[in-house]
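# Overview (structure and organization)
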Amino acid sequence: MSRRKHIRPHVHESKVFFHFGEYGLSPYWTLRNLVIHELDGHGEVTTEFGGEPWHVEITYSDSGIAPRPSDGVERDVLRDWELHLDGPGEAKAHYQIRARYDEMRGPDGKQKSIPWPGGEGLDVLAQSSNIGLDRVKWLLREGIDALADSVDVDVNGAYFRQPLPSSTITTVEYYVRLLRQYARKLARSDGVFYRLMHLLADETGMEWLYKADNTDIIGHRHAFELPPAAVAKLGPDLSAGVRLKTYHPKHVRSEESDDDPLSSPKYGVAFHKSIDGDSRPWSERDELRHELEDLLINTLDWANVPTEPDPTTYVDDDHFQVEASDVDVGRRSDPTPGLEVQQETMLLHVLDDITPTGKEVLEEVATDGGTHYRELADATDSSVSTIYRVLDEMNEVVKSDRGMVKFTSEKIRQEIAGMVDRLNDLKESTADRVAELANIDLRSRADSALEKWMATYGARLVNVRDGDDPETIRFDALLSELRSVPEPRIETVLEEGLDAWTSTGRDSRAFHELRVEADIRGGPDARGRPVRSIIGW
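Scope of this entry: the structure provided in the associated data block.

Cut-offs and rules
- Residues numbered from 1 in each chain as written.
- Predicted model: local features only at pLDDT ≥ 70, side-chain atom pairs only at ≥ 80, totals over all residues.
- Heavy atoms only, no water.
- Helix = DSSP H or I, 4+ residues; strand = E, 2+ residues; numbered from the N terminus.
- Buried < 20%, exposed > 50% of the residue type's maximum accessible area, 1.4 Å probe, protein only.
- Contact = heavy atoms within 4.5 Å.
- Core = buried A, V, L, I, M, F, W, Y, C linked by side-chain atoms within 4.5 Å.
- Patch = residues over 30% accessible without salt bridge, like charges linked within 9 Å, V, L, I, M, F, W, Y side chains within 5 Å.
- Areas by Shrake-Rupley, 256 points an atom, 1.4 Å probe, with all protein chains shown as cover.
- Salt bridge = Lys/Arg side-chain N within 4 Å of Asp/Glu carboxyl O.
- Lys, Arg positive; Asp, Glu negative; His and termini not counted.
- Charge placed at Lys NZ, Arg CZ, Asp CG, Glu CD.
- Pairing = 2+ DSSP bridges.
- Phe/Tyr/Trp six-rings, centres within 6.5 Å; stacked < 30°, edge-to-face > 60°.
- Lys NZ or Arg CZ within 6 Å of the ring centre and 35° of its normal.
- Arc of directions from axis to C-beta.
- Polar contact = N/O pair within 3.5 Å; in protein donor to acceptor, adjacent residues only side chain to side chain.
- Expected span 1.5 Å × (residues − 1).

### Points about the overall build of the protein chain
Within the protein chain, the secondary structure is distributed over 16 helices and 20 strands. The buried share among the 537 residues of the protein chain stands at 50%.

This is the structure in structure tokens:
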């Protein structure tokens, strides 16, 4: 995977559970004295942190947890301390500081089921906007100190410094702000969101969700959720369940303006426990940031949005700045062309030997989007056993889920639905269309080796003249002239291709006469960036 300078995303929002246990409940009782006795239940102060103005406020709420007899608290429930900070622009942080101990109970005496690693300590729920994760932890202590200093109270300098290993991140989003013309490339009908949706929506074990809002402007808010099983399809080292989201502010500006950053939309990649199924340890925050930044930059790349820190693409706001990131992100080849070729090649094989009953089944399922197998039997005047046999023959294209027969992907359904009017010629016309989409010469359609090689490297045969061999082979995958980088070497790829080509009975000379067009690392670019090259073979 290649590496080059790219835009630095900024944190939009986060939700973290900090656990502190080294000093038991001593920090809790210190805050009780500060808030209740020194500040009379409410305190606020305006100060500076790191040269920036911040407003700090603290109050309390009821926790729902009963004090123990040994706590000496004359109330039915303990209090939670509510610390709130407002900083420059839209920077905000709210901390709910809560006492925790073994066998917590409510005022009714019933035991509470609250996640806690055990022993005495504090659970601090931190919710923030436009603040980096490490700064969220730092501001917790800074805010407490500012309030304590305002009434000349000393707080042990070791409190709230070292979170326990059980501390977790349940939400964090990183975003960039970009011009409208580039944001449209993400969410338009042929954009990367839709390509991913159609190609991943029916993956086994995946539950997906796409929400689009175009009420005030095209692309007001488009959000696409990718659980871990789907994310793993985009890269073997990707695993976090995320939401990809491009969005304008609630009140959309009528026109884009250089003077108003909010007139340009954001694009964010957010980790959510609710999508992933689990939280991430606080200690792995850097790894999580790397994975989210990886997805953000690569999806921009796949949408053909420039990723360099360039003000002609990206827009400064109060928090996001157009500057280079310090994170190394490997550039991944766009997975959607390869996935598309795999699905179309699979469809080609299935349709090659399709039966008349199979054609009728495809027509019914393509029209309705999903049909019960008994209804299929009635509609095609077939027995249930015949329908089962047809489904077995076409198991790569259709599937049965609790009796409902559906296509294995939305893209395949759309392709078949567009061909329903030509079902009498389904075998040949569909095969021709699939071969056209996959750029596979019909003469090689019986050859799985050539098709597999082309799908592996995103190879396409272009400039095909009637009755002649193709003139050019174009690769979507990034290739290399160097042995020292992880991309496949162009020489090795072409040698594999020649073997696959000749296995179909083709003349090797025709392959050697092809022009080869590819993004090649180690080419004439002096800085080592991949360049689009056309070479002989």
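### What to know about the environment of Ile65
Examined against the element boundaries, Ile65 turns out to sit in the loop between β3 (52-62) and β4 (79-86). Along the primary structure Ile65 and Asp76 are separated by eleven residues, whereas in three dimensions their C-alpha atoms are 8.1 Å apart. When neighbours within four sequence positions are excluded, Ile65 is seen to be in contact with Asp76, Val77, Leu78, Ala99, Arg100, Tyr101, Met104, Arg105 and Ile114.

### A short note on the nonpolar core
Within the largest apolar cluster, 90 residues are counted, with the highest numbers of intra-cluster contacts made by Tyr95, Ile97, Phe160, Tyr267 and Leu300. In terms of residue count, the dominant contributor to this core is helix α2 (residues 133-150) (eight residues). When residues no more than four places from it in sequence are discounted, the contact partners of Ile97 are Leu31, Asp80, Trp81, Leu122, Asp123, Val124, Leu140, Ile144 and Phe160. Counting residues in each nonpolar core, the second largest holds 21 residues, with Trp453, Ile473, Leu479 and Leu498 among its members.

### Points about a negative patch on the surface
Taken together, the side chains of Glu360, Glu375, Asp378 and Asp381 present a region of like negative charge at the surface. Relative to the elements of secondary structure, Glu375 occurs in helix α10 (residues 373-379).

### Here we look at the pairing of strand β2 (residues 43-49)
With seven bridges joining them, β2 and β3 adopt antiparallel strand pairing. Within β3, the position partnered with Thr47 by the bridge is Trp54. Taking the residues between adjacent antiparallel strands as the criterion, β2 and β3 are bridged by two residues, where Gly50 takes a positive phi near 60 degrees.

### Remarks on the pattern of salt bridges
All chains considered together, the criterion is met by 24 salt bridges. Put simply, Glu173 and Lys245 hold a salt bridge, and the shortest N to O gap is 3.7 Å. Of this pair, Glu173 sits in strand β7 (residues 168-177) while Lys245 sits in strand β10 (residues 242-247), and the two are 72 residues apart along the sequence. Take Glu173 and Lys245: they sit in the same class, and that class is buried. In the salt-bridge network here, residues are joined through shared partners; they are Arg8, Arg289, Glu293, Glu323 and Asp326.

### Comments concerning the pairing of β10
The buried fraction of β10 amounts to six of the six residues, a majority that puts the element mostly inside the structure. Of the two faces of β10, the one carrying Val242, Leu244 and Thr246 and the one carrying Arg243, Lys245 and Tyr247 are both buried. Of the pairings in the sheet, the one linking strand β9 (residues 221-226) to β10 comprises six bridges and is antiparallel in character. Its bridge partner lying in β10, Arg221 is registered against Tyr247. Pairing analysis gives six bridges linking β10 to strand β11 (residues 266-272), with the strands arranged antiparallel. Residue Leu244 lies in a different strand from β11, and its bridge partner there is Val269.

### Things to note about the packing of aromatic side chains
Per the counting criterion, the structure on display carries 13 aromatic pairs. On the numbers, 6.3 Å between centres and 35 degrees between planes, the contact of Phe49 with Trp54 is tilted. Residues Phe49 and Trp54 agree in their burial class; the two are buried. Connected via pairs of aromatic rings, a cluster forms that spans Phe18, Phe20, Phe160 and Trp282. One residue, Arg68, lies across the ring of Tyr101, its end atom 4.1 Å from the ring centre. Positioned above the aromatic ring of Tyr247, the side-chain terminus of Lys245 is 4.4 Å from the ring centre.

### Some remarks on helix α3 (residues 180-187)
Along an α-helix, residues three or four positions apart point the same way, because every turn accommodates 3.6 residues. Arg180, Tyr182, Ala183, Leu186 and Ala187 are the residues of α3 that are buried. All buried residues of α3 project into a common sector of 160 degrees when viewed along the axis, lining one side.

### What about the side chain of Arg180?
Structurally, the position occupied by Arg180 is in helix α3. Of the side chains with opposite charge, Glu256 lies nearest to the buried Arg180, which makes no salt bridge, at 4.4 Å. When near neighbours in sequence (up to four residues on either side) are disregarded, Arg180 contacts Ile217, His248, Arg253, Ser254, Glu255, Glu256, Ser263 and Pro265.

### Structural notes on the environment of Asp401
Mapped onto the elements of the fold, Asp401 is located in strand β14 (residues 398-401). Residue Asp401 is classed as partly exposed on the basis of its relative accessible area of 40%. When the C-alpha atoms of Asp401 and His372 are compared, they prove to be 9.2 Å apart, with 29 residues separating the residues in sequence.

### Some points on the side chain of Thr299
Of note, Thr299 is situated in helix α7 (residues 285-302). With relative accessibility at 1%, the residue Thr299 sits in the buried group. Here Leu296 takes part through its backbone oxygen, which lies 3.0 Å from a polar atom of the side chain of Thr299. Excluding residues that lie within four positions of it along the chain, Thr299 makes contacts with Leu186, Val192, Leu244 and Tyr267.

### Digging into α7
With 18 residues, α7 extends 26 Å from end C-alpha to end C-alpha; this agrees with the ideal 26 Å at 1.5 Å per step. Counting buried residues along α7, 13 of its 18 residues qualify, which places the element largely inside the surrounding structure.

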